[in-house]
Amino acid sequence: MNEVISVTGLVKTFGRARALDGLDLTVHTGEVHGFLGPNGAGKSTTIRILLGLLRADSGSALLFGGDPWHDTATLHRRLAYVPGDVTLWPNLTGGEVIDLLGRLRGGIDAKRRATLIERFDLDPAKKCRAYSKGNRQKVALVAALASDAELLILDEPTSGLDPLMEAMFRSCVAEIREDGRTVLLSSHILGEVEALCGRVSIIRAGRTVDTGTLDELRHLARTSIRAELAEPPRGLADLPGVHDTVVEGTRVAFDVDNTSLDVALKHITSFGVRSLTSSPPTLEELFLRHYADGEA
Amino acid sequence: MTTLTAPAPQRAGTLAGTLALTRLALRLDRVRLPVWIGVAAILPAGTAAQYTKLYPDDQAIRAVAGVLTNPSLVAINGPLYRPTLGALTTWKILASEVILVALMSIFTVVRHTRTDEEAGRFELTGAGVTGRFAPLTAALVTAAGANAAVVVLDALGLAVSGLSPTGSLALALATGGAGLLFAAIAGVAAQLTESARAATGLAVTVLGLSYLLRAAGDAGASWLGWLSPLGWALRLRPFAGERWWVLGMTAAAALVCGAVAYALAGRRDLGAGLLPQRPGPAEAAPYLRGTFSLAWRLQRALLAGWIAGMALWGGTLGSAAGGIGDAIVTNHSITDMLTRLGGRKGLADAFLAAVIGITGILVAAYAVQATLRLRGEESAGRLEPILATPAGRIRWALGHLAFALGGTAVLMAVAGATAGLAYGLTTGDPGGQLLRLTGSALVQVPAAWVLAGVGTALFGLLPRFTALAWAALGACALVLEVGALLGVSSWIQDLSPFGYVPKLPGSPLSTAPILWLVVVAAVLTAAGLTGFRRRDTT
Ligand SMILES: Nc1ncnc2c1ncn2[C@@H]1O[C@H](COP(=O)(O)OP(=O)(O)O)[C@@H](O)[C@H]1O
Ligand SMILES: [Mg+2]
């Protein structure tokens, strides 16, 4: 089986609120898959369905080709999970929690555990009630990363970490990717997604709005062009795929859909190009466009 | 220069925001507190009204007063100070009323202090304009207001039922004063422990000790009763030549406890208890490897506390039962009543059976508490990481239920065994009484299991209403205490599982109702687990 996670048309309602509205998500074996979307888009809900914590209303969700609701125990042997909001038992120590979660999964590699505690600079003898948010997150991360699970499901795992720990997290995930294991990473941190994820899915209001490799997504986005021409251009704003055109004498600035880039460039060269700068879409722009879509 | 005439920095800062926090507390408790106050207001007036009907003249009252000199009843409810309607009402209801308002005060104060602090909500409110003492003050003001409402409603209700206004006021103030004292005690407890659960446990333990000291005092060594806030309430003697100065003792104790609470609150850090944090083990002990051992780790402190409490409870009441025998030998005036009730042994048995009945309700509180841990873990988000491992839902739930159900049996056995041992030492047959009373106590277990079953069923089928299991327990306690008296319809009384338990020792053992209770508990538990397996977790 080449697909670790395959979700199609997933619907989940809470009372009258529709949290998921026909969501699709496919994660291939061995990839780090970015799972993106604004707050309340349904990322955590999807993950909870994949973990068999929630039951979907309709649509299908397959994990390792199995049903996450019915085959819970067998599927969970093969995965590790870091929740978005980590709460731990106040009177257990971090070390105890790491061991407990590891043993529940069928054993823990003592050497890897020690290395990770060292790398994440965690004091395992502290009671969980004394940990800050970031440290609670580190406990959950160490427990998950110390396992040799085939799939890691990480729900905004770095939202409480400092930049140093964030970098440590990235190198850990990179190692997992090199091992050929699979990661589903829900995240808001664009640098992190760019550095780690081969493919991403962007969801909004319970639906998938875009999915693919970052390059493919960029391809679908717009490029910003600024040019100095020999003579004032005509008819540029009327071209399909050209947006936000500003013409000041012989200087122009506009955004163009990458699919129409060729046509637009041919059009302006007919007015004699003296200089030209093009900036590819930043990831921010890519996300902002998707996140804000439909809200206007 | 202006700096010389500038006003001194504001000293009121430590109380800033109290009003806003009090309003918030009242808003959050807008259903809960009126229910407590309503029940506390109905009990005395309802009892008085019912007694007016039952005992219309002095002769009837004298007749029943004779029976109430029965030492076992004195140990359970306190002495009847005078053969009048008012004193009779006081005898019946004051001890229960005090326990009720004390619990109301404890839960209210802990909820608005340590619970919020533990959950981190104080960081939110504390960052606003709130002083160091504002949360404690708001909690105490809220509890005091609730007790004041109880005082007014109790006094009015009793006076309207036709009892003397002076006595009515005395009973009401005895109740409200004790409620206020326990609010202050809860205020201290909330400073000492880091967890709200432990703070509540500590304050409730003080309440339990008060009851024990009062019972031991009324059964023999009178001075013990003067150590108990509950004893003070009874010794104010409403309707029997009120001794108002006893109120002063309650007030003084409340002031002292309040002062201690403020002194402690002024000294400690936000979120900290009195004991400093100690590091724990960096690695889990080998036993901690599954859902069952996790349940053991999370439940053992609760169970250990209850075992200690039940041992003390059983031991004290068992030796009080021995004292009842002595009292009767020297008291020849009640010889005929003795024969009627089946002799000296019959009296002690009647007392022990009543005590075991109360113990059943108490231990059911443990059963509910341990069962509701399921919901507590789930809503705190601590179930999610467990269920993301191969551990199944049912396994996880069974781990906690094993403690709820097994712990209930252990606790009843401990209470019965210690009572039997203590009583047997006074009669010269410790071994025999130990076995007999342990058996008598274990008969209560299935009824307590039914309440655990109610908790499990709510958890599985109506998770957001799991706390209603406490209401069910409260209803059982009310039915046991005053159900017949207040004329509650018999079908409601029939709903309490404790009504079906044979009253041992002293009655024949009938197994059918016990087996039925086991079946009901099993069905409720199974229904809850089935519901839990099918529902979403949150
Ligand atoms: N248990 C629940 N009850 C009601 N609504 C919920 C529940 N869980 C999630 N939701 C709603 O479902 C939507 C999706 O939430 P979530 O999956 O947590 O979003 P994300 O993780 O992408 O921020 C939100 O509108 C949220 O309010
Ligand atoms: Mg989320």
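In this text, all values refer to a predicted model and were calculated from it rather than measured experimentally.

### Details of the environment of Ala353(B)
Residues and elements named next belong to chain B.
Phase 1 of the analysis: Counting through the fold element by element, Ala353 comes out in helix α16 (residues 343-379).
Phase 2 of the analysis: Accessibility expressed as a relative area gives 14% for Ala353, which makes it buried.
Phase 3 of the analysis: The residues touching Ala353, leaving out its near neighbours within four places in the chain, are Lys503, Leu504 and Pro505.

### A closer look at the pattern of salt bridges
Phase 1 of the analysis: Considering all chains together, one arrives at 27 salt bridges over all chains under this definition.
Phase 2 of the analysis: Between Asp29(B) and Arg32(B) there is a salt bridge, with the nearest N and O atoms lying 3.6 Å from each other.
Phase 3 of the analysis: By relative accessible area, which is 1% here, Asp29(B) ends up buried.
Phase 4 of the analysis: It is possible to trace a salt-bridge network through shared partners that takes in Arg18(A), Asp21(A) and Arg207(A).

### Focus on helix α3 (residues 32-54) of chain B
Phase 1 of the analysis: For α3(B), with 23 residues, the first-to-last C-alpha span of 33 Å sits near the 33 Å given by 1.5 Å per residue.
Phase 2 of the analysis: By the burial criterion, the buried members of α3(B) are Leu33(B), Ile37(B), Ala40(B), Ala41(B), Leu43(B), Pro44(B), Ala45(B), Thr47(B), Ala48(B), Gln50(B) and Tyr51(B).

### Here's the deal with the domain arrangement of chain B
Think of interface size as the accessible area that goes away when the parts come together; that is how it is often given.
Residue and element names in this part refer to chain B.
Phase 1 of the analysis: Segmenting chain B into domains produces domain 1 (15-274) and domain 2 (287-538).
Phase 2 of the analysis: The interface of domain 1 with domain 2 comprises 25 residues on the first partner and 22 residues on the second.
Phase 3 of the analysis: Each partner contributes to the roughly 2,000 Å² buried at the junction of domain 1 and domain 2, and carbon and sulfur atoms together form 77% of this total.
Phase 4 of the analysis: Contact with domain 2 buries area across many residues of domain 1, yet Pro71, Arg197 and Leu212 alone supply 26% of it, more than any other trio.
Phase 5 of the analysis: Here domain 1 and domain 2 share zero salt bridges between them.
Phase 6 of the analysis: The interface formed by domain 1 and domain 2 includes zero residue pairs in polar contact (both at pLDDT 80 or more).
Phase 7 of the analysis: For the side of domain 1 that touches domain 2, the secondary-structure elements that each account for two or more residues are α3, α4 (58-68), α5 (71-77), α6 (85-118) and α10 (196-219).
Phase 8 of the analysis: When grouped by side-chain class, the residues that make up the side of domain 1 that touches domain 2 number 15 nonpolar, eight polar and two charged.

### Re a nonpolar patch on the surface
Residues and elements named next belong to chain B.
Phase 1 of the analysis: Together, Leu461, Leu462, Phe465 and Leu468 make up a nonpolar patch on the protein surface, roughly 400 Å² of accessible area in all.
Phase 2 of the analysis: Assignment of secondary structure puts Leu468 in helix α21 (residues 468-483).
Phase 3 of the analysis: Overall, the relative accessible area of 47% leaves Leu468 in the partly exposed class.

### Brief notes about the domain arrangement of chain A
Phase 1 of the analysis: Segmentation of chain A into domains returns domain 1 (3-217) and domain 2 (222-280).
Phase 2 of the analysis: For domain 1 of chain A versus domain 2 of chain A, the distance between C-alpha centres works out to 43 Å.

### As for the nonpolar core
A general trend in soluble globular proteins is that nonpolar side chains are found buried together.
Phase 1 of the analysis: Formed by 198 residues in total, the largest nonpolar core has its most connected members in Ile5(A), Phe120(A), Phe169(A), Leu184(A) and Phe351(B).
Phase 2 of the analysis: Ranked by residues supplied to this core, first place goes to α16(B) with 14 residues.
Phase 3 of the analysis: Leu184(A) has contacts with Ile5(A), Leu25(A), Val27(A), His33(A), Phe35(A), Ile47(A), Leu50(A), Leu151(A), Leu152(A), Ile153(A) and Leu154(A), leaving out every residue within four places of it along the chain.
Phase 4 of the analysis: Membership of the second largest hydrophobic core comes to 12 residues, among which are Ile225(A), Ala227(A), Leu236(A) and Ile268(A).

### Concerning the interface of chain B and chain A
Phase 1 of the analysis: Between chain B and chain A, the residue contacts involve 38 residues of the former and 34 residues of the latter.
Phase 2 of the analysis: Here chain B packs against chain A, burying approximately 3,200 Å² in sum over the two surfaces, 56% of which is carbon and sulfur.
Phase 3 of the analysis: Here chain B is connected to chain A by five salt bridges.
Phase 4 of the analysis: Here Lys12(A) and Asp536(B) are joined by a salt bridge, their closest N and O atoms 2.5 Å apart.
Phase 5 of the analysis: Looking at the side of chain B that touches chain A, its residues break down into 16 nonpolar, eight polar and 14 charged.

### What to know about the packing of aromatic side chains
Phase 1 of the analysis: The tally for this structure, following the rule as stated, stands at 11 aromatic pairs over all chains.
Phase 2 of the analysis: With a centroid separation of 5.9 Å and 65 degrees between ring planes, the pair formed by Trp306(B) and Tyr366(B) is classed as edge-to-face. Within this pair, whereas Trp306(B) is found in helix α14 (residues 291-330), its partner Tyr366(B) is found in helix α16, the two being separated by 60 residues in sequence. Each member of the pair Trp306(B) and Tyr366(B) is classed as buried.
Phase 3 of the analysis: Linked through ring pairs, Phe292(B), Trp296(B) and Phe403(B) together constitute an aromatic cluster.
Phase 4 of the analysis: In this structure, Arg78(A) packs its charged tip against the face of Phe64(A), placed 3.9 Å from the ring centre.

### Some points on the site of ligand 1
Phase 1 of the analysis: Inspection of the region around ligand 1 gives Phe14(A), Ala19(A), Pro38(A), Asn39(A), Gly40(A), Ala41(A), Gly42(A), Lys43(A), Ser44(A), Thr45(A) and Thr538(B) as its neighbouring residues.
Phase 2 of the analysis: Looking at what sits near ligand 1, you find residues from chains A and B.
Phase 3 of the analysis: A distance of 2.7 Å is found between an oxygen atom of ligand 1 and a side-chain nitrogen or oxygen belonging to Ser44(A).
Phase 4 of the analysis: Between ligand 1 and Thr45(A) there is a distance of 2.5 Å, counted from an oxygen atom to a side-chain nitrogen or oxygen.

### Describing empty space enclosed by the protein
All names here are of chain B.
Phase 1 of the analysis: According to the stated counting rule, one finds six cavities of 30 Å³ or more in the structure shown.
Phase 2 of the analysis: Taken together, Asn77, Gly78, Pro79, Tyr81, Ala87, Thr90, Trp91, Leu234, Arg237 and Pro238 make up the full set of residues lining the largest cavity.
Phase 3 of the analysis: The greatest single-element share of the lining of the largest cavity, amounting to three residues, is contributed by α6.
Phase 4 of the analysis: Tallied by class, residues from the lining of the largest cavity come to six nonpolar, three polar and one charged.

### Re the pairing of strand β12 (residues 251-257) of chain A
Residues and elements named next belong to chain A.
Phase 1 of the analysis: Alignment of strand β10 (residues 222-229) against β12, held across seven bridges, turns out to be antiparallel. The partner of Ala227 across the bridge, within β12, is Val252.
Phase 2 of the analysis: In sequence, strand β11 (residues 242-248) turns back onto β12 through a hairpin of two residues, with Gly249 there showing a positive phi of about 65 degrees.

### Re the packing of helix α20 (residues 445-461) of chain B against helix α23 (residues 511-534) of chain B
Residues and elements named next belong to chain B.
Phase 1 of the analysis: At their nearest, the axes of α20 and α23 sit 7 Å apart, and the two run at 15 degrees to each other. Looking at the two axes, α20 sits roughly parallel to α23. You can see that α20 and α23 cross each other, and the crossing is left-handed. Residue-level inspection shows Pro446, Ala447, Trp449, Val450, Gly453, Val454, Thr456, Ala457, Phe459, Gly460 and Leu461 of α20 in contact with α23, the latter providing Ile514, Leu517, Val518, Val520, Ala521, Leu524, Thr525, Ala527, Gly528, Leu529, Gly531 and Phe532.
Phase 2 of the analysis: A class-by-class count of the residues in the contact of α20 with α23 yields 17 nonpolar, six polar and no charged.

### A short note on the sheet that holds β11(A)
Residue and element names in this part refer to chain A.
Phase 1 of the analysis: One open sheet accounts for four strands, arranged β11-β12-β10-β13; its pairing is antiparallel. Every other strand in the sheet has two partners, leaving β11 and β13 (273-279) as the edge strands with one partner each. The mean inter-strand angle of the sheet, taken between neighbouring strand axes irrespective of direction, is 15 degrees.
Phase 2 of the analysis: Pairing analysis gives five bridges linking β11 to β12, with the strands arranged antiparallel. Note that in β12 the partner of Val246 across the bridge is Ala253.

### Considering the packing of helix α18 (residues 393-427) of chain B against α20(B)
Residues and elements named next belong to chain B.
Phase 1 of the analysis: Contact geometry of α18 with α20 gives a least axis separation of 9 Å together with a crossing angle of 160 degrees. In terms of axis orientation, α18 runs roughly antiparallel to α20. As for how α18 packs across α20, the hand of that crossing is right-handed. In contact with Trp396, Leu401, Leu405, Thr408, Ala409 and Met412 of α18, α20 contributes Val445, Ala448, Trp449, Ala452, Thr456 and Phe459.
Phase 2 of the analysis: When the residues that make up the contact of α18 with α20 are grouped by side-chain class, the tally is 10 nonpolar, two polar and no charged.

Rules of the game
- Residues numbered from 1 in each chain as written.
- Chains lettered and ligands numbered in written order.
- Predicted model: local features only at pLDDT ≥ 70, side-chain atom pairs only at ≥ 80, totals over all residues.
- Heavy atoms only, no water.
- Helix = DSSP H or I, 4+ residues; strand = E, 2+ residues; numbered from the N terminus.
- Buried < 20%, exposed > 50% of the residue type's maximum accessible area, 1.4 Å probe, protein only.
- Contact = heavy atoms within 4.5 Å.
- Salt bridge = Lys/Arg side-chain N within 4 Å of Asp/Glu carboxyl O.
- Expected span 1.5 Å × (residues − 1).
- Domains from an automatic or database assignment.
- Buried area = accessible area lost by both parts, 1.4 Å probe.
- Polar contact = N/O pair within 3.5 Å; in protein donor to acceptor, adjacent residues only side chain to side chain.
- Nonpolar A, V, L, I, M, F, W, Y, C, P; charged D, E, K, R; others polar.
- Patch = residues over 30% accessible without salt bridge, like charges linked within 9 Å, V, L, I, M, F, W, Y side chains within 5 Å.
- Areas by Shrake-Rupley, 256 points an atom, 1.4 Å probe, with all protein chains shown as cover.
- Core = buried A, V, L, I, M, F, W, Y, C linked by side-chain atoms within 4.5 Å.
- Phe/Tyr/Trp six-rings, centres within 6.5 Å; stacked < 30°, edge-to-face > 60°.
- Lys NZ or Arg CZ within 6 Å of the ring centre and 35° of its normal.
- Near = heavy atom within 4 Å.
- 1 Å grid on protein atoms, 1.4 Å probe; cavity = no way out; pocket = protein on both sides within 12 Å on 5 of 7 lines; lining within 4 Å.
- Points joined across faces, edges and corners; volume = space filled by probe spheres on them.
- Pairing = 2+ DSSP bridges.
- Axes fitted to C-alpha atoms, helices over the stretch in contact; angles between N-to-C directions.
- Parallel < 35°, antiparallel > 145°, perpendicular 65-115°, else oblique.
- Left-handed = near helix turned anticlockwise from the far one by under 90°.

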